[in-house]
Amino acid sequence: MFSTLVRASRQRYAFFAVHKMASIVVTRQSSGKTSDYCHHRLYSNSDESKPFSEIPTVEGWSPTATAEDQNTNYARLLERYGQVYKMREQGSDAWTIVVHGPKAVQAMYASEGRCPSRGRLFTEAISRVYKDNKWRPSMAFAGGQEWRRIRLAARKQATPKWAWQALDPLHRLGAWLGGALNGGGDIRPALGHWAYKGTALFVLGDIVDLDHTHKTFMRAGLKFTRSLKSILTSRNQNSDFVETGNTMRQLGRQIMERRYQRMKEGRETNTTLPGVFEEWIREGVFSPEEAVVHCTDLMATSFDATANMATFLLFEIAKQPSLQEQLYREITIATTTHRRVTIADLQQMRLLRDCVKETLRMYPPMAIGRRVVTMDTTISGYAIPSGTNVHATMGLMSHDPTYFNEPMRFKPDRWREKDTIQSFSCLPFGFGSRACYGRRFAELQLYSLLLSVVPRYKLSTTQQSIQVEYSSGLVAMEPVSLTLEAR
Ligand code: HEM
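All values reported here derive from a predicted model rather than from experimental measurement.

Caption draft 1: Representation of the sheet that holds strand 9 (residues 457-460) within the structure. Spatially, three strands are ordered 4-12-9 in an open sheet, and the strand pairing comes out antiparallel. If you trace the sheet from one side to the other, it starts and ends with strand 4 (185-186) and strand 9, each paired once. Inspection of the sheet shows strand 9 paired to strand 12 (residues 481-486) by four bridges, in the antiparallel sense. From the neighbouring strand, serine 460 faces strand 12, where its bridge partner is threonine 483. Taken strand by strand, helix 16 (residues 303-318) contacts strand 9 and strand 12, and its axis lies near 85° from that of strand 9.

Quick look at the structure:
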């Protein structure tokens, strides 16, 4: 089994071949005590809990040490140690427990407290780099009460209602993408630009032209985001990372200052959306100085996730012409009486929304969900003390046949039978008060992708799979070539 896994890790996206093995382990576990939760055992540390010391211990390996193909490593550990095990963090005495299974994930989030943390290693490593370079932490990288202040102040712009205002500008962006994709070939560059323009729309309220400043800023952001994992896995600061971070901040400031100047001159954006930068300043949510910091990080570090998910989404529908036809019908029926899809139409488009959901399941954006528990609790039958790091194997769970029938098949219809899908088995945007801030906007942008591409082109591909890797999220590491035939 071990050699199969190692071989699998070198193949394209083949780590999920381990799903059979995972099912064996899960079946064994679920017949034991771990499935016999009652509400009280989930949320509180009870006398019935087994002591922490009895959790199987993994020696000599840390989950952040081998970022490449993390799911394969987790599958191997699941097979060997079961659905809960513990390990020492790299270079520290602190324990991390790793859990598999929706009940354990639920228990982890239930104990995250008022200021959730993604873990000591994550927080400390990143905040050290920020502090050393005198970078002010933005929402994603702030901690404790400082994070809470930022997140609460900015909560209005994370709502669906806020995102919905962007539908018309996103249609325009979709029309731009339709042109950029023309001719087919590797779709990643066009989707990268489109995703960046989308995040810029959210932040600035403008559909930006990709001039030299934007292009350089975008490249710096990408490099910065993708090298974040090196900060987690190495104690040494990477000078490239610092240089990129500085370039990103300098250009981010220039872009925001340009926007601020236009705002002061009373010049409108080129869309109906104000953009969070303007809104935050006008509403006094943040000072202009602070708004620059948050907006720079949002714009530079978030678009990569959307770009990759968009790539996976178009690839999967290109492989299934009949699914594409169904989507085409769903969209054209909705647009028989009016030209542009509205939010009300979108709410009726189940297949379209389920294609997005299924992409996020099939290509899990994060291998692990991280939290520090802030109270003594019980997880998977063990007493877990407050302050313990918990890692949930979200990537592996998305492909576990215990939770998803035929997990390796792209089957959007599975989401219609909601009752068969367990809560907490698939959380592509995380969960709780520290879940993805851009979730509603990112979802809408992915819906708008299908709305603009499917009616215009028939997609096809001869490619069978995509080589992927985890950096800050799941990334397509090779060209993804599609043929686009105009309808
Ligand atoms: C499909 C695209 C995206 C995916 C799959 C994704 C996924 C995630 C995930 C898994 C987290 C961690 C959540 C947790 O720890 O519970 C996160 C955090 C975050 N995301 Fe996203 N994201 C996407 C797009 C975006 C966009 C477009 C934005 C901004 C416009 C954004 C802004 C953020 C921020 C600021 C955080 C940190 C939140 C905090 O610490 O309070 N994301 N995202």
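Caption draft 2: A look at the site of the ligand. Among the 24 residues in the neighbourhood of the ligand, the closest are listed as Ser302, Ala305, Gly430, Cys436 and Gly438. If you list the elements that add at least two residues to the shell around the ligand, you get helix 10 (188-204), helix 16 and helix 21 (439-453). The element best represented in the shell around the ligand is helix 16, accounting for three residues. Considering only residue class, the shell around the ligand consists of 16 nonpolar, five polar and three charged.

Caption draft 3: Examining the sheet that holds strand 8 (residues 389-392) more closely. Strand order in the open sheet made by the five strands is 1-2-3-8-5, with mixed pairing throughout. At either margin of the open sheet sits one strand with a lone partner, and together these are strand 1 (57-58) and strand 5 (369-372). Sheet analysis places strand 3 (residues 95-99) next to strand 8, joined by four bridges and oriented parallel. Paired with isoleucine 97 across the strands is valine 390, a residue of strand 8. Each of strand 2 (84-88), strand 3, strand 5 and strand 8 touches helix 5 (residues 102-110); the most contacted strand, strand 8, lies at about 145° to it.

Reading the values: rules and limits
- Residues numbered from 1 in each chain as written.
- Predicted model: local features only at pLDDT ≥ 70, side-chain atom pairs only at ≥ 80, totals over all residues.
- Pairing = 2+ DSSP bridges.
- Helix = DSSP H or I, 4+ residues; strand = E, 2+ residues; numbered from the N terminus.
- Contact = placed C-beta atoms within 7 Å.
- Axes fitted to C-alpha atoms, helices over the stretch in contact; angles between N-to-C directions.
- Near = placed C-beta within 6 Å.
- Nonpolar A, V, L, I, M, F, W, Y, C, P; charged D, E, K, R; others polar.

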